[in-house]
Amino acid sequence: AQSVAQPEDQVNVAEGNPLTVKCTYSVSGNPYLFWYVQYPNRGLQFLLKYITGDNLVKGSYGFEAEFNKSQTSFHLKKPSALVSDSALYFCAAGGSYIPTFGRGTSLIVHP
Amino acid sequence: SAVISQKPSRDICQRGTSLTIQCQVDSQVTMMFWYRQQPGQSLTLIATANQGSEATYESGFVIDKFPISRPNLTFSTLTVSNMSPEDSSIYLCSRRESSYEQYFGPGTRLTVT
């Protein structure tokens, strides 16, 4: 069975500082990896994905994520956080079928 | 990105009643999905709705409680039947692209009293 772990319920960062939201996964075969963001009272929005190719993938709003096969991780990163990045972030992982979602990490960016 | 709408956006219902949630996508798609997101928790897949076939339900979800229709390639409904307060949740529909990412509707916030 596939699973996703987001070890931090909440991440706090000051505006302008780099941010990292952690995700590790367990998937049989080649993993399909995704990050989604949920702003308050809104649905989930797709940020980025890794299917194949370069380990560093870039997505919307300046976010990027690095696929690390040996550590089975897919951490979300941004070089300089904005207050408007404050939201709930979900990692998802699976095979070619339906991914499993992590429990989410609340990112709070302080002015 | 895909445009997905859901109706209603929110509702307050009495226990024992049923609510049907509608999901409309802007272009034809084979696979649509229904999720439940309980407060402070992750998304739980209820079922996969493919046009022209019965929905496929995940463990813990049954058709009698959550009947799903998929009459065409741009529309689906989820009914929450015989509701109890434990059904209070946000219900989300989504579509999956051929490139594997999913796009989600804005959600239906259901409160059962």
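Residues numbered from 1 in each chain as written. Chains lettered and ligands numbered in written order. Predicted model: local features only at pLDDT ≥ 70, side-chain atom pairs only at ≥ 80, totals over all residues. Heavy atoms only, no water.

Peer 1: What is the right way to look at the overall build of chain B in this model?
Peer 2: Helix and strand content of chain B: zero helices and eleven strands. Its helices and strands taken in sequence order, chain B reads β-β-β-β-β-β-β-β-β-β-β from the N to the C terminus. Taken over the C-alpha trace, chain B has a radius of gyration of 13 Å; the compact-globule value for 113 residues is 13 Å, and the two agree within 12%. C-alpha atoms of chain B, sized along the principal axes, occupy 40 × 25 × 20 Å. A burial count over chain B gives 50% of its 113 residues as buried. Counted over contacts in chain B with a minimum sequence separation of 6, partners at least 24 positions apart contribute 53%. For chain B, the computed accessible surface area is about 5,400 Å², with 46% contributed by carbon and sulfur atoms. Looking at chain B, you have 9 positive and 9 negative side-chain charges, and the mean spots of the two groups are 5 Å apart. (Helix = DSSP H or I, 4+ residues; strand = E, 2+ residues; numbered from the N terminus. Rg over C-alpha atoms; globule rule 2.2 N^0.38 Å. Buried < 20%, exposed > 50% of the residue type's maximum accessible area, 1.4 Å probe, protein only. Contact = heavy atoms within 4.5 Å. Areas by Shrake-Rupley, 256 points an atom, 1.4 Å probe, with all protein chains shown as cover. Lys, Arg positive; Asp, Glu negative; His and termini not counted. Charge placed at Lys NZ, Arg CZ, Asp CG, Glu CD.)

Peer 1: For this particular structure, what's the right way to read the layout of surface pockets?
Peer 2: Unoccupied space between atoms shows up once a probe the size of one water molecule is rolled over them. If you add up the space inside the largest pocket, you get close to 560 Å³. Forming the walls of the largest pocket are 28 residues, and the residues nearest its centre are Gln38(A), Asn41(A), Gln37(B), Ile90(B) and Arg109(B). Within the residue set of the lining of the largest pocket, elements represented by two or more residues are strand S10 (87-94) and strand S12 (105-110) of chain A together with strand S9 (89-96) and strand S11 (108-112) of chain B. Take the lining of the largest pocket: its biggest share by element is four residues, from S11(B). Class assignment for the residues of the lining of the largest pocket results in nine nonpolar, 14 polar and five charged. (1 Å grid on protein atoms, 1.4 Å probe; cavity = no way out; pocket = protein on both sides within 12 Å on 5 of 7 lines; lining within 4 Å. Points joined across faces, edges and corners; volume = space filled by probe spheres on them. Nonpolar A, V, L, I, M, F, W, Y, C, P; charged D, E, K, R; others polar.)

Peer 1: I keep staring at the environment of Val57(A) and nothing clicks. Help me out?
Peer 2: All names here are of chain A. Looking at the element boundaries, valine 57 is found in strand S7 (residues 56-58). Overall, the relative accessible area of 11% leaves valine 57 in the buried class. Those residues in contact with valine 57 that sit more than four places away from it in its chain are Leu48, Lys49, Tyr50, Phe63, Glu64, Ala65 and Phe74.

Peer 1: In this structure, what is going on with the interface of chain A and chain B? I would like to understand it.
Peer 2: When the parts come together, some accessible area is lost, and that loss is often what is quoted as the size of the interface. On the chain B side, the residues contacting the 20 residues of chain A number 20 residues. A buried area of about 1,500 Å², summed over both sides, lies between chain A and chain B, and 57% of it is on carbon and sulfur atoms. In terms of surface lost to chain B, no three residues of chain A exceed Leu44(A), Ile98(A) and Phe101(A), which account for 31% of the buried area on that side. Seen at the junction of chain A and chain B, the total is one salt bridge. Lys49(A) serves as the salt-bridge partner of Glu101(B), at 2.8 Å between the closest nitrogen and oxygen. Run the count over chain A and chain B and you get five residue pairs in polar contact (both at pLDDT 80 or more). Among the elements that line the side of chain A that touches chain B, the one with the most residues is strand S5 (residues 32-38) of chain A, at four residues. (Buried area = accessible area lost by both parts, 1.4 Å probe. Salt bridge = Lys/Arg side-chain N within 4 Å of Asp/Glu carboxyl O. Polar contact = N/O pair within 3.5 Å; in protein donor to acceptor, adjacent residues only side chain to side chain.)

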